Amino acid sequence: MNTLLSRKTKGDMLFDAANYILLTLIMLTVLYPLYFILIASISDPNLVYSGEVWLFPRGFTWDGYDRIFNDSSIWRGYANSILYAVVGTLIGVSLTVLAAYPLSRKDLVGRGTIMWFLLATMFFSGGLIPTYLLIKDLNMLNTIWALALPGAGGVFNIIIVRTFFQSSLPDEMWEAASIDGCSNWRYFLSIVLPLSKAIIAVMVLYHIVGFWNGFFDALIYLNDEKKYPLQLVLRNILVQNQVNANMMVDVESYAAKMRVTELIKYGVIIVSSLPLLILYPFLQKYFVKGVMIGSIKG
Amino acid sequence: MLTNREISTPHEYAQTIKPEKHTWRKIKRNYELYLFLLPIIILYLVFRYYPMYGVQIAFKDFSPSRGIWGSEWVGFKYFQQFFDSYNFWNLIENTITLSFLSLVFSFPVPIIVAIMLNQMLAKRYKKFVQSVIYAPHFISTVVLVGMLNVFLSPNSGIVNHIISFFGGKPVLFMADENWFRPLYILSGIWQETGFSTIIYLAALAGVNPELHEAAVMDGANKWKRVWHVDIPAILPTIVILLILALGNIMSIGFEKAFLMQSDLNYATSNIIPTYVYELGIQKSQYSFSTAIGLFNSVINIILIVAVNRIAKKLTETSLW
């Protein structure tokens, strides 16, 4: 069987060769910008600035990282982002799993209605401004709740978790347990949750990445700089070119300032991506799993 | 209900009474499940359904002091104002062009890459390539736009170094309205291609190997097998994803366009979501910006329903 498929004509060999070369080029196109940021963040900013750093770091320096680590706004952003990610993930994942389980049960009266109640929000929403006014009226501006609550329990996630429950928890299991007098609550805690570690991991990682990378809600709902998550701090540095003055006290000329700013930019990209980089093996595994489960239905 | 109606036979009695009693029993027995659902229902009512009620300010002269209910009805005044405004067509054009061009250029790329990956026989190298090309998906939009800024900077960016190396003049990429769309699309392809291959790879993995064997027996080379086995096999997946993408043409994301936007590329980067933000959040024109947002979501719904209906007729695959 294998021999048949591995039999190759000359054309096939050409095909394979072209395929390998092209994929390698694609891979390098993705990799090089990331690699460049890494080497630029530890190279002499003057050499980076004049375009003399290509493949290897030159004029090695930790200067950029030194300045970053001494800047309180980045640390505060880091701490805020961790707090928002932890609280937001806890709330989001609990609500999602808690809602998805009943919706996976065929004997739930009103299941279709409740499903539509949730799904309808995918087609129509009040939009940015009415939601903003509501958050304002609830006095939630500048609080963590404005980030953690409005988006919690998204329909897509609920559907993914529900699909997982439906395909991995047979109806008979609940029937047997309920005949033995097991309550729904106990069944959920001692049977459903332990069997759902994989999907909970998927959800936790989805939420962590979402909160870590998100900046839109923070942009709208937070205006106190002390509460800014890392992404908003980054936005000031990377997009608006505003590097904190105290990171630059010792830099004299305007030209030198610009160079150091670039150095800080490279470093800050690395520093902010570090947590997700550490999580990357898990992220890859569980995000792929999530896409697979999500694609079973729709 | 029982008293008004005469029940003649036991059978009929069973029919009228039992289902209801049974339903109640079911609800009662599973009352905990409703408690599980309670938090999400409350959350949806507050944060998703109440704003739908609030959307009426699009038809009112909203003033914060008088509240949603107390503000005065003005009918379609703000819609009219939007349709008459000088940048109405520019906004529509920018939004649709950006979204449509993104779709046209970005959509086929992951399909091609997935087919290529699927043809790759060296397992380890394939895994390595996948690990690399999935990675940008996890980069935040802020960092992505930051990367664009540093790479494309006219004095120090690596791209302009290359251009000057070949004797060209530095290009002000981020400050040029003609570069906004290409950059938006290319950076999107760079970031999302890898991750989007996953779903096609899953579909390709489901192709029956016997089909390939039969094709080899018939003398088909690899190229022909890609065309006549692989692509037909993943066509349903492609169609569904295309429907989804077409339906979402008017719901283009805010974040990247907003971050890439500057006064210098405003002529092409001003799209409906960024405009709603600018008017609503920055300038506090609540009613006007809500009207624009509502206009956008209505078109969105029409699009989704229409695209789905067409797809149902043409291909018998649909979303619902």
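Residues numbered from 1 in each chain as written. Chains lettered and ligands numbered in written order. Predicted model: local features only at pLDDT ≥ 70, side-chain atom pairs only at ≥ 80, totals over all residues.

1. A few points about the overall build of chain B
Turning to step 1, where the next piece is worked out: Per the secondary structure count, chain B includes 16 helices and two strands.
Turning to step 2, where the next piece is worked out: Taking 2.2 N^0.38 as the reference for a compact globule, 320 residues should give roughly 20 Å; the C-alpha atoms of chain B span a radius of gyration of 27 Å, well beyond that estimate.
Turning to step 3, where the next piece is worked out: Each principal axis of the C-alpha atoms in chain B carries an extent, and together these give about 95 × 70 × 35 Å.
Turning to step 4, where the next piece is worked out: A buried classification covers 36% of the 320 residues belonging to chain B.
Turning to step 5, where the next piece is worked out: Sequence-distant contacts, at least 24 apart, represent 65% of the contacts inside chain B between residues at least 6 apart. (Helix = DSSP H or I, 4+ residues; strand = E, 2+ residues; numbered from the N terminus. Rg over C-alpha atoms; globule rule 2.2 N^0.38 Å. Buried ≥ 20, exposed ≤ 12 C-beta atoms within 10 Å, placed from the backbone. Contact = placed C-beta atoms within 7 Å.)

2. Points about the overall build of chain A
Turning to step 1, where the next piece is worked out: Helix and strand counts for chain A come out as 15 helices and zero strands.
Turning to step 2, where the next piece is worked out: Once the C-alpha set of chain A is aligned to its principal axes, its extents read approximately 80 × 70 × 35 Å.
Turning to step 3, where the next piece is worked out: Out of the 298 residues belonging to chain A, those deemed buried represent 38%.
Turning to step 4, where the next piece is worked out: If you take every contact in chain A between residues at least 6 apart in sequence, the share linking residues at least 24 apart comes to 72%.

3. Observations regarding the environment of Pro51 of chain B
Turning to step 1, where the next piece is worked out: Tracing the sequence through the fold places Pro51 of chain B in helix H2 (residues 31-54).
Turning to step 2, where the next piece is worked out: If sequence neighbours within four positions are ignored, Pro51 of chain B has contacts with Ser125, Gly126, Gly127, Pro130, Thr131 and Leu134 of chain A.

4. Re the domain arrangement of chain B
Residues and elements named next belong to chain B.
Turning to step 1, where the next piece is worked out: Under the domain assignment, chain B is made up of domain 1 (10-62) and domain 2 (77-315).
Turning to step 2, where the next piece is worked out: Centre-to-centre, using C-alpha coordinates, domain 1 lies 38 Å away from domain 2.
Turning to step 3, where the next piece is worked out: Contacts between the two partners involve six residues from domain 1, matched on the other side by six residues from domain 2.
Turning to step 4, where the next piece is worked out: Grouping the amino acids of the side of domain 1 that touches domain 2 by side-chain chemistry returns four nonpolar, no polar and two charged. (Domains from an automatic or database assignment. Nonpolar A, V, L, I, M, F, W, Y, C, P; charged D, E, K, R; others polar.)

5. Side note on the packing of helix H6 (residues 111-123) of chain A against H2 of chain B
Turning to step 1, where the next piece is worked out: H2 of chain B packs onto H6 of chain A with a crossing angle of 35 degrees between their chain directions and a minimal axis gap of 11 Å. Classified by chirality, the crossing of H2 of chain B by H6 of chain A is left-handed. Residues Ile114, Phe117, Leu118 and Thr121 of chain A of H6 of chain A touch H2 of chain B, and the partners they reach there are Leu37, Tyr44 and Arg48 of chain B.
Turning to step 2, where the next piece is worked out: Residues of the contact of H6 of chain A with H2 of chain B, tallied by class, amount to five nonpolar, one polar and one charged. (Axes fitted to C-alpha atoms, helices over the stretch in contact; angles between N-to-C directions. Left-handed = near helix turned anticlockwise from the far one by under 90°.)

6. Quick word on the domain arrangement of chain A
All names here are of chain A.
Turning to step 1, where the next piece is worked out: Partitioning chain A into structural domains gives domain 1 (2-69 + 244-296) and domain 2 (72-226).
Turning to step 2, where the next piece is worked out: If you average the C-alpha positions of domain 1 and of domain 2, the two centres end up 32 Å apart.
Turning to step 3, where the next piece is worked out: Facing 14 residues of domain 1, the contacting portion of domain 2 comprises twelve residues.
Turning to step 4, where the next piece is worked out: No other element matches the twelve residues that helix H15 (residues 254-296) contributes to the side of domain 1 that touches domain 2.

7. Remarks on the interface of chain A and chain B
Turning to step 1, where the next piece is worked out: Taken together, the contact pairs 78 residues of chain A with 73 residues of chain B.
Turning to step 2, where the next piece is worked out: Split by residue class, the side of chain A that touches chain B holds 52 nonpolar, 19 polar and seven charged.

8. Overview of unusual backbone geometry
Across residues other than glycine, the phi torsion is negative in most instances, and most of the peptide bonds are trans.
Turning to step 1, where the next piece is worked out: If you check the backbone angles, Asn142 of chain A has positive phi at about 65 degrees while not being a glycine.
Turning to step 2, where the next piece is worked out: Turning to its location among the elements, Asn142 of chain A is positioned in the loop between helix H7 (128-137) and helix H8 (145-148).
Turning to step 3, where the next piece is worked out: For Ser284 of chain B, which is not a glycine, the phi torsion comes out positive at approximately 55 degrees.
Turning to step 4, where the next piece is worked out: Following the sequence through the fold, Ser284 of chain B ends up in the loop between helix H15 (272-282) and helix H16 (286-315).

9. Considering the environment of Ser63 of chain B
Turning to step 1, where the next piece is worked out: Structurally, Ser63 of chain B is set in the loop between strand E1 (60-61) and helix H3 (67-70).
Turning to step 2, where the next piece is worked out: In this structure, the C-alpha to C-alpha distance between Ser63 of chain B and Leu91 of chain B, residues 28 residues apart in sequence, is 26 Å.

10. Some details on the packing of H7 of chain A against H2 of chain B
Turning to step 1, where the next piece is worked out: Interhelical geometry of H7 of chain A versus H2 of chain B gives an angle of 110 degrees and a closest axis separation of 8 Å. Looking at the two axes, H7 of chain A sits roughly perpendicular to H2 of chain B. Between H7 of chain A and H2 of chain B lies a crossing of right-handed hand. Facing H7 of chain A, whose interface residues are Pro130, Thr131, Leu133 and Leu134 of chain A, H2 of chain B presents Tyr50, Pro51 and Gly54 of chain B.
Turning to step 2, where the next piece is worked out: Residues belonging to the contact of H7 of chain A with H2 of chain B are distributed by class as follows: five nonpolar, two polar and no charged. (Parallel < 35°, antiparallel > 145°, perpendicular 65-115°, else oblique.)

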